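Here are the chains, one letter per residue:
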Amino acid sequence: MGLELYLDLLSQPCRALYIFARSNNIPFEFKHVELMKGQHRTEEFQKVNILMKVPALRDGSFTLTESIAILLYLAQKFKTPDHWYPSDLQKRARVDEYLSWQHINIRGKGSKLFLTKVLVPLLTGQPLPPEKLEGVTEELNVVLKQFEEMFLKDKPFIAGSEISLADLVALVELMQPVGAGYDLFEERPKLAAWRRRVEEAVGKPLFQEAHEGILNIKNLTADKIAPELLEHFKHQLLKQVS
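Residues numbered from 1 in each chain as written. Predicted model: local features only at pLDDT ≥ 70, side-chain atom pairs only at ≥ 80, totals over all residues. Heavy atoms only, no water.

Peer 1: It is not clear to me how the overall build of the protein should be interpreted in this structure. Could you clarify?
Peer 2: Within the protein, the secondary structure is distributed over ten helices and four strands. Listing every helix and strand of the protein by position from the N terminus yields β-α-β-α-β-β-α-α-α-α-α-α-α-α. Since a compact globule built from 242 residues should have a radius of gyration of about 18 Å, the 18 Å found for the protein is in line with a globular shape. Its C-alpha atoms put the protein at 50 × 45 × 30 Å along the principal axes. (Helix = DSSP H or I, 4+ residues; strand = E, 2+ residues; numbered from the N terminus. Rg over C-alpha atoms; globule rule 2.2 N^0.38 Å.)

Here is the structure:
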């Protein structure tokens, strides 16, 4: 049995893995786990990840969860170019620094805005009050400013002159609010230029392919979500944005 990646490209970490594997010619079987159909909650998928989350990896009898752990596993197993996870101690520390920071900052705030603008109105039938949406947007704007000033600065990429895992993980997360209709790059020329460099480094066609679904997420309707998930989603999402 070869390498299997269990992914749904609506998920930011899944897109990072997909792009990383494809851009480095890592052979794998794409196991599509459709989140909106509840396929991550099936008994079959729980044999791969009891936590019922994507992404997940299976390599023979070995299984692995958590996207950062999977990215590092692939980088080291397939000996990808050094710039992805540098051997230089301080450059690697910069990558690790961002990967440690991003979970509750870029990922947390970007996901919250996405849920607020797309899924909450879909599930409740009502848009969120403007003041609530403004508050969620401002939370994201704060961490975007931190990202530019603390991590990107005046460098081409987070760790220096070449792309790393940190850049890829960052950009796929920032595309989630873009899919929700918030173009956070529009008035941020430094961030927009960095985005272009990352896309060029991994290949624009591949990047666009991976993001086709999320950039068309506004076409999602409630009838495309598994009925048993609707109430679960409603409870969880309203709690997150309350």
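That shown, we press on.
Peer 1: For this particular structure, what's the right way to read the packing of aromatic side chains?
Peer 2: Any aromatic ring pair is given by two values, namely how distant the centres are and how the planes are angled relative to each other. Taken as a whole and judged by the stated rule, the model has eleven aromatic pairs. Between the aromatic rings of F20 and W84, the centroid separation amounts to 5.1 Å while the plane-to-plane angle is 85°, which identifies the pairing as edge-to-face. Here W84 lies in the loop between α3 (67–77) and α4 (89–101) and F20 lies in helix α1 (residues 12–23), a separation of 64 residues in the sequence. On the accessibility criterion, W84 (4% relative accessible area) is buried. (Phe/Tyr/Trp six-rings, centres within 6.5 Å; stacked < 30°, edge-to-face > 60°. Buried < 20%, exposed > 50% of the residue type's maximum accessible area, 1.4 Å probe, protein only.)

Peer 1: Sorry if this is basic, but what is going on with unusual backbone geometry here?
Peer 2: What is expected of a backbone is that most residues other than glycine have negative phi and most peptide bonds are trans. Residue P55 is reached from V54 by a cis peptide bond, and omega for that bond is 5°. Among the secondary structure elements, P55 is positioned in the loop between α2 (43–46) and β3 (56–59). A positive phi angle, close to 60°, is found at M52, a residue other than glycine. Unlike most non-glycine residues, E66 shows phi in positive territory, near 75°. Structurally, E66 can be placed in the loop between β4 (62–65) and α3.

Peer 1: Explanation requested: α3 in the structure shown.
Peer 2: An α-helical turn contains 3.6 residues, so any two residues separated by three or four positions project in the same direction. Considered for burial, the residues of α3 that qualify are S67, I68, I70, L71, L72, L74 and A75. At the exit of α3 stands K79, carrying a positive phi of roughly 50°.

Peer 1: Honestly, the sheet that holds β4 in this entry has me stumped. Any pointers?
Peer 2: Within a sheet, adjacent strands bond to each other through the backbone by hydrogen bonds, running parallel or antiparallel. Read from one edge of the open sheet, four strands run β2-β1-β3-β4, paired in mixed fashion. Edge positions in the sheet fall to β2 (29–32) and β4, since each has one partner strand and no second. Averaged over all neighbouring strand pairs, the angle between strand axes comes to 20°, with direction disregarded. By the bridge criterion, four bridges tie strand β1 (residues 3–7) to β2 in an arrangement that is parallel. Residue pairing in the sheet places L5 in a bridge with F30 of β2. With respect to the sheet, α1 is in contact with β1 and β2, its orientation differing from that of β1 by roughly 145°. (Pairing = 2+ DSSP bridges. Axes fitted to C-alpha atoms, helices over the stretch in contact; angles between N-to-C directions. Contact = heavy atoms within 4.5 Å.)

Peer 1: How should I be thinking about the nonpolar core in this particular structure?
Peer 2: One broad rule of soluble globular proteins: the nonpolar side chains tend to lie buried together. Counting 80 residues, the largest nonpolar core has F20, Y98, F147, L184, F185, L191 and W194 as its most contacted members. Among the elements that take part in this core, helix α7 (residues 165–179) stands out by supplying ten residues, more than any other. Not counting the four nearest positions on each side in its chain, W194 is found in contact with F147, L152, P156, F157, D167, A170, L171, L174 and F185. (Core = buried A, V, L, I, M, F, W, Y, C linked by side-chain atoms within 4.5 Å.)

Peer 1: So what exactly am I meant to see when it comes to the packing of α7 against helix α8 (residues 189–202) here?
Peer 2: Packed helix pairs are characterised by how far apart their axes lie and by the angle those axes make with each other. It is at 11 Å that the axes of α7 and α8 come closest, and there the two elements cross at 115°. Relative to α8, the crossing made by α7 is left-handed. Together, D167, A170, L171, L174 and M175 of α7 and L191, W194, R195, V198 and E199 of α8 make up the contact between the two elements. Looking at the contact of α7 with α8, its residues break down into seven nonpolar, no polar and three charged. (Left-handed = near helix turned anticlockwise from the far one by under 90°. Nonpolar A, V, L, I, M, F, W, Y, C, P; charged D, E, K, R; others polar.)

Peer 1: Just checking my understanding: could you explain the environment of F151 for this structure?
Peer 2: Considering the arrangement of structural elements, one finds F151 in helix α6 (residues 130–152). Taking relative accessible area as the criterion, F151 reaches 4% and is therefore assigned buried. Other than its neighbours up to four places away in sequence, F151 contacts E97, Y98, W101, Q146 and I158.

Peer 1: Would you mind going over the pairing of β3 with me for this structure?
Peer 2: For a regular strand, side chains alternate in direction, first toward one face of the sheet and then toward the other. As paired elements, β1 and β3 share four bridges and run antiparallel to each other. Looking across to β3, one finds that L5 is bridged to L57. Across four bridges, the pairing between β3 and β4 is antiparallel. For R58, the partnering residue across the bridge sits in β4 and is T63. Between β3 and the antiparallel strand that follows it, β4, lie two residues; G60 among them carries a positive phi value of about 70°.

Everything listed here is a matter of geometry and, on its own, says nothing about what the molecule does.
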